[in-house]
There are 4 protein chains.
Amino acid sequence: MKRIAVLTSGGDAPGMNAAVRAVVRSGHYHGLEVFGVYRGYNGLIQGDFKSLTLGSVGDIIHRGGTILHSARCEEFRTEEGRQKAIQQLHKFQIEGLVVIGGDGSFRGAKKLSASGFPAIGIPGTIDNDIPGTDFTIGFDTAVNTVIECIDRIRDTASSHERTYVVEVMGRDAGDIALWAGVAEGAESILIPEAPYELSEIIERLERSRHRDKKHSIIIVAEGVGSGVEIGEQIKQRTGWETRVTVLGHIQRGGSPTAFDRVLASRMGVKAVELLLAGERDKMVAIKDNEVIGIDFDEAFSQKHQPNLALYDLAKILSI
Amino acid sequence: MKRIAVLTSGGDAPGMNAAVRAVVRSGHYHGLEVFGVYRGYNGLIQGDFKSLTLGSVGDIIHRGGTILHSARCEEFRTEEGRQKAIQQLHKFQIEGLVVIGGDGSFRGAKKLSASGFPAIGIPGTIDNDIPGTDFTIGFDTAVNTVIECIDRIRDTASSHERTYVVEVMGRDAGDIALWAGVAEGAESILIPEAPYELSEIIERLERSRHRDKKHSIIIVAEGVGSGVEIGEQIKQRTGWETRVTVLGHIQRGGSPTAFDRVLASRMGVKAVELLLAGERDKMVAIKDNEVIGIDFDEAFSQKHQPNLALYDLAKILSI
Amino acid sequence: MKRIAVLTSGGDAPGMNAAVRAVVRSGHYHGLEVFGVYRGYNGLIQGDFKSLTLGSVGDIIHRGGTILHSARCEEFRTEEGRQKAIQQLHKFQIEGLVVIGGDGSFRGAKKLSASGFPAIGIPGTIDNDIPGTDFTIGFDTAVNTVIECIDRIRDTASSHERTYVVEVMGRDAGDIALWAGVAEGAESILIPEAPYELSEIIERLERSRHRDKKHSIIIVAEGVGSGVEIGEQIKQRTGWETRVTVLGHIQRGGSPTAFDRVLASRMGVKAVELLLAGERDKMVAIKDNEVIGIDFDEAFSQKHQPNLALYDLAKILSI
Amino acid sequence: MKRIAVLTSGGDAPGMNAAVRAVVRSGHYHGLEVFGVYRGYNGLIQGDFKSLTLGSVGDIIHRGGTILHSARCEEFRTEEGRQKAIQQLHKFQIEGLVVIGGDGSFRGAKKLSASGFPAIGIPGTIDNDIPGTDFTIGFDTAVNTVIECIDRIRDTASSHERTYVVEVMGRDAGDIALWAGVAEGAESILIPEAPYELSEIIERLERSRHRDKKHSIIIVAEGVGSGVEIGEQIKQRTGWETRVTVLGHIQRGGSPTAFDRVLASRMGVKAVELLLAGERDKMVAIKDNEVIGIDFDEAFSQKHQPNLALYDLAKILSI
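Conventions adopted
- Every chain is numbered independently, its residues counted from 1 as its sequence is written.
- For naming, the first written chain is A and the first written ligand is 1, with later ones following in the order written.
- Per-residue local features of the predicted model are confined to residues with pLDDT of at least 70, and side-chain atom pairs are confined, for both listing and counting, to 80 or more; whole-chain, interface and lining totals are unaffected and use all residues.
- Note that water and hydrogens are dropped before the side-chain values are worked out from all heavy atoms of the structure.
- Pairs of strands are assigned from DSSP output, requiring at least two bridges between the strands.
- What counts as a helix is a DSSP run of H or I of at least four residues, what counts as a strand is a run of E of at least two, and both are numbered from the N terminus.
- Lines fitted to the C-alpha atoms define the axes, with helices restricted to the stretch that makes contact. Angles between their N-to-C directions range from 0 to 180 degrees.
- What makes two residues a contact is simply this: any of their non-hydrogen atoms within 4.5 Å.
- Two parts placed together each lose some accessible area under a 1.4 Å probe, and the buried area is that loss summed for both.
- Any carboxyl oxygen of Asp or Glu within 4 Å of a side-chain nitrogen of Lys or Arg constitutes a salt bridge here.
- Per residue, pLDDT captures the predictor's confidence, and it can take any value from 0 to 100.
- The criterion for an aromatic pair is that two Phe, Tyr or Trp rings (for Trp, the six-membered ring) have centres within 6.5 Å, with stacked assigned to planes under 30 degrees apart, edge-to-face to planes over 60 apart and tilted to the rest.
- Only protein chains enter the accessibility calculation, which uses a 1.4 Å probe; a residue whose area is less than 20% of its type maximum is buried, one above 50% is exposed, and one in between is partly exposed.
- For a ring to carry a charge above it, either NZ of a lysine or CZ of an arginine must fall within 6 Å of the ring centroid while also lying within 35 degrees of the normal to the ring plane.

### Observations regarding the sheet that holds strand β11 (residues 290-295) of chain A
All names here are of chain A.
1) Next: Pairing is mixed in the open sheet, where seven strands are placed in the order β3-β2-β1-β4-β5-β10-β11. Each edge of the open sheet carries a strand with a single partner, namely β3 (49-52) and β11. If you compare each strand with its neighbour and ignore which way they point, the axes differ by 25° on average.
2) Next: In the packing of helix α1 (residues 16-29) onto the sheet, the strands contacted are β1 (3-8), β2 (33-37), β3, β4 (96-101) and β5 (119-123), and the crossing angle to β4 comes to about 160°.

Structure follows, in structure tokens:
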């Protein structure tokens, strides 16, 4: 193996640059030439490749976003699109591909390897919703961004004795809501994986008021429903001033945390090792602090589950 | 004068605690006893007073929110409410009051002094919308919070080549939008004080695209209209992916910046000096870096105007 | 069991407050009364106890330091001191103690339990140097503080093309240096657990210069030696401008990260569960993402080892 | 005038990039071609010039450091060196130069203009030590970096009831120490512009202890002397645990604050306007919130003085 390529796909996540850097640097360490593919699978189809030197990935480990840019790509879902991509890869004499992205991106990578082209996935998404790995790149940063924002809201909440509802990202997975909720001592945490009763939420709020709590924070994962609507319901039922904040896209950005930079570095190095070892159909994962490779099929056969022990913990601690 | 009191009123702003601390500490320095009044004018009416020692205001200079809590108060708008307040003040033998808050809070203070009770205002609001002072306490922190959020959005914007619309606070005043817009190099800044043409915004966006700009950011003060709607219009007219973020209440919180802590400290000391000098009807202001007292009437007779030179500057710099 | 107590001991660490909160809240959840002991073992000897309600630990989960204060205590190392402590505990009818701190604090707790008084340890120290647990409370925050500082130094380093030496905490353990070094893409990382050759460091620096690297960062754990001296040696050997920063006590402070808040919350709950289960001589630990209890003896029989795979990783990535 | 150039010189300061961007963008706005000169006056002598497009300065407004790099340059102090520089400028048909830097850099610019080449200075230095302007670019960011660090130290200080001495930058000017001291409520602030008595510092510390203050912070500008030595003296005189932190180079870095980005943007635009108006020997300054041009000679004839009213304020507030 002499040449490999790397791309980022899907929603961007802080730490993707650290992973790109690790793929490039460890590729060079092993004597490989490494190409960057721009704008995800679109660039793969169009041959938007650039050879990356050690210096190309200098001074990016601490930057959010992805220098390779990211995009979704409909064409790659077609057999024809993938054939174009493979032709481009052959044209550049590239023998292996590293795909940094989420679930959908991995399904593309899996199909590529099914067509005979070695592809390794690195889980990069703030949602932490990829089965088979304890953590994805970007999750830790996103949770820290969320709590930094809620720490600010907390100031104003306690000055006014109000209830605040904060909607965070997580269409299918409640991980961000769960971690941020425990980290903020939220009154209630609403996640897609657990049913909720509005009456129970109200009851907890009333209990808090009763013991003279200054402010209450309720965290809602976007997959559960609109924070604005839930806030409206609480207001109607309690009559208390209730304010809603939808954190939105700020959760995707920012300089990655140490955890994400280290995780991304380890995963990038592992991906290159897997390619060199002849693997052609694997995803890098972290399990019990160890970075390993697992078959895409193994990952796809599971369903991601957040750490629901945290859900119970939150109930004990917001007693 | 032997006893004074201090309260915070209206929306809270970072730096209010630093101002409370300065009133208390400089009061003690001048041999006064200083009472804190809780929950704004409500506490004044209900006699919710507490004598504050040097230690009561220790370790608060860096905290957002207000330890005295804040609230709006309908009753104080009535003559009856104000008479109750004055009775409470007399009961506690308090001879002067410092009110930290915004425009509305000052109208209350003005009426109090018209009834013969000395009251001094300190401008504390993130909106910077109080006439007669160059800056209000909390404004600098709010602008820095906004740019920290937009710096994050910038990461993801440049990874995806999208247009982002960010709605910031400012119902009547465009100051936050203007400063944040210049500080972020925004494509367009929409403020209540200046008319805008959607076609001009689109034109600027197209020009940017043309010279291969990676991302475009448009800042909208809430007083102009809904960021969501403006984003929708841009999307419809350009066909480009446009994402909207409404920053909301995170703009009110956070540890105050150095500028706000120093401004609040200076203003708090000045307010006590004004009371001791026998002033009974003034607002503290900063003009050309100097902290002074001006008559409430003088302030109320003007209309706040943001620095519109920044508006023109932004157009030059986002060429 | 009806009454338990909690104290913080040794150097403070961000997240200690979150752990105190979790002990108090989960204690109440299980129907216990929970006392806070002030200033570590000193307060235990002097009976400086205070009953903590749910509200006592409100609004502290996000604060650095420890509301219980911390201190070292010589007297507790004596049999006499410990007997006084046990008398105080009996006097207050306390039946179990949770000690949040480091290695030295646990040896005290172990002796207490050897005297028949149930004691459970929670690992709280930024150094991550406690055997038997993958992570200690405060470590993640400290590493993130370090990288935030080095990100700043990076700006000025790249503007001037200089070499920067940064000394970080870690008298016996290189964990902070190692994680921060990987997260920053440091040129060289000097830790107590691995020998270093100045000539190899110089060689790496020269190789970097050769490929036109803009700035070089060398991280030194304080246990290895003085950053100032190492900087001086590099300057003498290379003739390049070399600047040294000793990060110092800022590494101990700051609002805890999400990771540390969640870890502390989990560990606090676990400590109370262990006491209720009749355990009297255990330390809470996190192993492979699971929070468990292990015997003090088991912990003490091991030697803490940082993840040396990161050391090798750093060499590959700073090629 | 058709072509101008811009360089950064001396120590770097956050906001320099925003100033470079403003010079380039407003230059283009006025129809000029703008060249960037690399590594300060060195690049001027060596002809290290590059034409900067609108896109060259995209996405830099929020970055610390300077994309043009900075350096000190001995050769430019000689007549010969300056003649080489003027030849390079003529060779590139450049008709005006903007120099972003400090006092020393302006003396070079002044000599250039004395030789007949139009040069305009923009004050960029964290020290705020340039006469004639209320603020320099980078000062506000540096003060905020300092208080962020001291806020962290504060956590650990209050957990241990210790005295902390923090040495900040400022060889000749006490501005950083003064602002940070007021913003942190420091016990004592030591600046080069005011004599200090160790006995008075001790007295203030003792008074604080007496009223049960949890922690004391003393800020020392580096121009006053070594923080380590002052800490040692305090320790010897009081016997209390005293810890010293020397903040060092982290004060130079970081993303610029809103204030610095806006100031830099305004100053960059003004510099180009001055060149276009035929000015050849001026420095941009901000006086009473207005951005103006003043003669270099006028600036050099004054002596910078920090706002000593803050010094007195600090004494009142740390009573």
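### Regarding the interface of chain D and chain B
1) Next: Taken together, the contact between chain D and chain B spans 45 residues of the former and 45 residues of the latter.
2) Next: The contact between chain D and chain B buries some 4,000 Å² in all, and 64% of this surface belongs to carbon and sulfur atoms.
3) Next: The interface formed by chain D and chain B holds six salt bridges in total.
4) Next: The shortest N-O distance in the salt bridge between Asp151 of chain D and Arg261 of chain B comes to 2.8 Å.

### Regarding unusual backbone geometry
1) Next: Here Asn128 of chain A, not a glycine, exhibits a phi torsion of approximately 55°, which is positive.
2) Next: Relative to the elements of secondary structure, Asn128 of chain A occurs in the loop between β5 and α5 (139-160).
3) Next: Even without a glycine there, the phi angle at Asn289 of chain C is positive, about 70°.
4) Next: Relative to the elements of secondary structure, Asn289 of chain C occurs in the loop between β10 (281-287) and β11 (290-295).

### Observations regarding the confidence of the model for chain A
1) Next: For chain A, the average pLDDT comes to 95, and 100% of its residues sit at 70 or higher.
2) Next: Per the prediction output, this complex has pTM 0.97; the corresponding ipTM is 0.97.

### Let's talk about the packing of aromatic side chains
1) Next: Counted under the stated rule, the structure contains 38 aromatic pairs over all chains.
2) Next: Centroid distance Phe106 of chain B to Phe296 of chain B: 5.6 Å. Interplanar angle 50°. Geometry classified as tilted. Of the two residues, Phe106 of chain B sits in helix α4 (residues 103-114) while Phe296 of chain B sits in helix α10 (residues 296-301), which places them 190 residues apart along the sequence.
3) Next: Phe296 of chain B gets classed as buried once you look at its relative accessible area, which sits at 0%.
4) Next: With centroids separated by 6.0 Å and ring planes inclined at 75°, the aromatic side chains of Phe135 of chain C and Trp179 of chain C adopt a geometry described as edge-to-face. A residue pair is termed long-range when its members are at least 10 positions apart, and Phe135 of chain C in the loop between β5 (119-123) and α5 (139-160) and Trp179 of chain C in helix α6 (residues 175-184) qualify at 44 residues. Trp179 of chain C shares its class with Phe135 of chain C; the two are buried.
5) Next: Through successive ring pairs, a cluster of aromatic residues spans Phe135, Phe139, Trp179 and Phe259 of chain A together with Phe135, Phe139, Trp179 and Phe259 of chain C.
6) Next: Taking the ring centre of Phe300 of chain C as reference, the NZ or CZ of Arg107 of chain C above it sits at 4.2 Å.

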